[in-house]
Every structure is written in structure tokens, then in C-alpha cells.
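Close look at the chain arrangement
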Amino acid sequence: MTTNGDGSHALYGHGMQATPTSSVYGDNGTIIVEDGVNLQTSGVGAHGAFVDWGTSKIEFQGGGTISVSGDDSYVLYADAGKITSKLDTNGDVVSGGKFIITGDMLAANGGAIDLILADGSIFVGSADQGTGSIKLKMESGSKWYVTKDETDQVIMEEGSARYLGTLADHSGLGRSSFVPLRITEAGTLTVNGGTTYFRTDIENRTSDQLVVTNAVEGTGGKVGVYNNGGSNTDGTEKVVLI
């Protein structure tokens, strides 16, 4: 599904409820999305999947490809309501899918995003839970290229990977001539394995940095370092990663 134009959302969780004085859209509407969906939007405020009513839901039964292009556009935006992976009869997320996501996520006004990124998933963007909540579980084989500060709940499982910067930043050229990124993790980070990757220029004592403002939970994980391959070092250089 492809949309073009300002405010042209690919999926919009809405509905209708009449009141004595007005008519508003979005009561008890649920959109079930089958595995393998392709959502692309272009325009200002054009979201990939968008809910803006408290009882509206978008439920992904599997994975899919979602990308947005335009100012103030989000791949997933829960402005009230919920956007989730597959739910069981109790309303709990039970399984995810392979997602290819390019763009940012946002939750506001009590809205919730609860997604499982399965093996082969690639997320390039950021997640801001604002006045709502965002929970992302990264299963083995999933990758997240973190491009901005984040305030979500992240669960990293063994075999998952997070990179500071974009795909291009972690290409050969991006690693050899990079501008260091400083990413703030202001949400809840649970690490049960997995690796977080940083780019460094050890000779000049500079690197990407992850600033964690809350406690890290879980069994622990790994740190991966890509040096830019510059001049030889003498072993006295230090860089701060976390």
C-alpha cells in the first residue's frame, strides 16, 4: 500500500461515535494486518500505521515493510489506541515477525506500541514513547540502527544487535570517516544477550557514545567496536563508549 500527500496514512485506526453535540471517529475499530504487508507513505504528517482513539487498534499478525518520507511522519504512531504484534486471547503480545522499518516511532496521549522484531528484522530510526509507551523486543537475528535519542522500553535477546547510526554509517566508508554520535537511552533497557556496536577513532580518542540515564536490567550483553583503521595506536589511548 502506497500513499502520497500530506496526512495520507497507510493504515488509520479510527471509527465513528455519535454524541449529542459532535461526531468523532475511531471507536472500537481494530485493523488486523496479515504477514508481509508493505506500507509506504510520502507527505507531511503521513504515517505508516496511525491510531488516535483510545479503543482503536492495529494488530500485525506477522511482519512487513514500513517506510515513510516527509516531515512529522512516523512509521508507527499511537496517539492513544494501540499498535501491536499478534495478541493472544488475553490481549498479550505472543509473536512477532520480520519487519523492515525505516523511520521513527512515536506514542502519545496514553497510546501504546508493543512490537516483537523477529529474525531478519531491520529497524532504522528512533522510538519516543513521549506520553505513551513503546516496548520493542528484539529477538535473535534482529538489528536496530539507532539514529536519535530514545525513550522506549527495549528488550535485547541473545543474537540481536543495535548499532549507533544508520546503515550507511556502518558501511566501510561510514566507519572510516565518521562523525561520532551521542545517543541518549532514557527508557528501560533490558539486555539478555545481544551486542551494541560503536564506531571509534582510537588514535584521536573519539567514538560513538551511548548515554544510559536509567538502570540496565537483564543478564548482560556484549559491546562491539569498529575502529576506523587509522594510524597505529600505542595502547595508551582511551575512549568512552557508555
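Cut-offs used in this document
- Residues numbered from 1 in each chain as written.
- Predicted model: local features only at pLDDT ≥ 70, side-chain atom pairs only at ≥ 80, totals over all residues.
- Heavy atoms only, no water.
- Pairing = 2+ DSSP bridges.
- Helix = DSSP H or I, 4+ residues; strand = E, 2+ residues; numbered from the N terminus.
- Core = buried A, V, L, I, M, F, W, Y, C linked by side-chain atoms within 4.5 Å.
- Buried < 20%, exposed > 50% of the residue type's maximum accessible area, 1.4 Å probe, protein only.
- Contact = heavy atoms within 4.5 Å.
- Phe/Tyr/Trp six-rings, centres within 6.5 Å; stacked < 30°, edge-to-face > 60°.
- Lys NZ or Arg CZ within 6 Å of the ring centre and 35° of its normal.
- Patch = residues over 30% accessible without salt bridge, like charges linked within 9 Å, V, L, I, M, F, W, Y side chains within 5 Å.
- Areas by Shrake-Rupley, 256 points an atom, 1.4 Å probe, with all protein chains shown as cover.
- Salt bridge = Lys/Arg side-chain N within 4 Å of Asp/Glu carboxyl O.
- pLDDT = per-residue confidence, 0-100.

1. Side note on the sheet that holds strand S7 (residues 49–51)
As summarised here, the arrangement of the five strands in space is S2-S7-S10-S14-S17, forming an open sheet in which the pairing is parallel. One side of each edge strand has no neighbouring strand; the edge strands of this open sheet are strand S2 (11–13) and strand S17 (127–128). Pairing analysis gives two bridges linking strand S14 (residues 105–108) to S17, with the strands arranged parallel. Paired with Leu 106 across the bridge in S17 is Asp 128.

2. Regarding the nonpolar core
One finds Phe 60, Leu 76, Ile 83, Met 105 and Leu 115 to be the most contacted residues of the largest nonpolar core, which totals 38 residues. Contacts of Ile 83, omitting those with residues within four sequence positions, involve Ala 49, Phe 50, Val 51, Ile 58, Phe 60, Leu 76, Tyr 77, Ala 78, Ala 112, Ile 113 and Asp 114. By size, the runner-up hydrophobic cluster in this structure holds five residues, among which are Val 124, Ala 161, Tyr 163 and Tyr 197.

3. Here's the deal with the packing of aromatic side chains
Considering all chains together, one arrives at eight aromatic pairs under this definition. For the ring pair Tyr 12 and Phe 50, a centre distance of 5.1 Å and an interplane angle of 5 degrees mean the geometry is stacked. On the criterion of sequence distance, the pair formed by Tyr 12 in strand S2 and Phe 50 in strand S7 is long-range, its members being 38 residues apart. On the basis of relative accessibility, which here comes to 8%, the residue Phe 50 falls in the buried class. With 4.7 Å between their ring centres and 10 degrees between their planes, Tyr 163 and Tyr 197 make a pair best called stacked. Here Tyr 163, found in strand S21 (residues 161–164), pairs with Tyr 197, found in strand S23 (residues 188–201); they are 34 residues apart in sequence, far enough to count as distant. Through a chain of ring-to-ring contacts, three or more aromatic side chains come together here, namely Tyr 12, Phe 50, Tyr 74 and Tyr 77. Just above the ring of Trp 144 sits the side chain of Arg 162; from NZ or CZ to the centre is 5.5 Å.

4. Concerning a nonpolar patch on the surface
A contiguous nonpolar patch, built from Val 223, Val 225 and Ile 242 and spanning about 270 Å² of accessible area, is present on the exposed surface. Mapped onto the fold, Val 225 is located in strand S26 (residues 216–227).

5. Notes on the confidence of the model for the chain
Close inspection of predicted coordinates is inappropriate in any region flagged by low pLDDT. Within the chain, residue pLDDT values average 88, and 90% of them lie at 70 or more. Here strand S4 (residues 23–24) stands out as the least confident element of the chain, with mean pLDDT 32; strand S13 (residues 99–102) is the most confident, with 98. Throughout residues 16–27 the model reports pLDDT below 50, and contacts reaching past four residues in sequence, or to other chains, amount to 24 contacts.

6. Some thoughts on the environment of Thr 65
Along the polypeptide, Thr 65 turns up in strand S9 (residues 64–69). Residues Thr 65 and Gly 220, spaced 155 residues apart in sequence, show a C-alpha to C-alpha distance of 30 Å. If sequence neighbours within four positions are ignored, Thr 65 has contacts with Val 37, Asn 38, Leu 39 and Ile 100.

7. Notes on unusual backbone geometry
Phi at Asp 72 is positive, roughly 55 degrees, even though this residue is not glycine. Its place among the elements puts Asp 72 in the loop between S9 and strand S10 (76–79). Under the relative-accessibility criterion, Asp 72 is labelled exposed at 58%. Here Arg 205, not a glycine, exhibits a phi torsion of approximately 60 degrees, which is positive. Along the chain, Arg 205 turns up in the loop between S23 and strand S24 (206–207).

8. A short note on the pairing of strand S20 (residues 153–157)
Here strand S18 (residues 133–138) pairs with S20 via four bridges, running parallel. Note that in S20 the partner of Lys 135 across the bridge is Gln 153. In terms of strand pairing, S20 meets S23 through five bridges, oriented parallel. By the bridge assignment, Val 154 is partnered in S23 with Leu 189.

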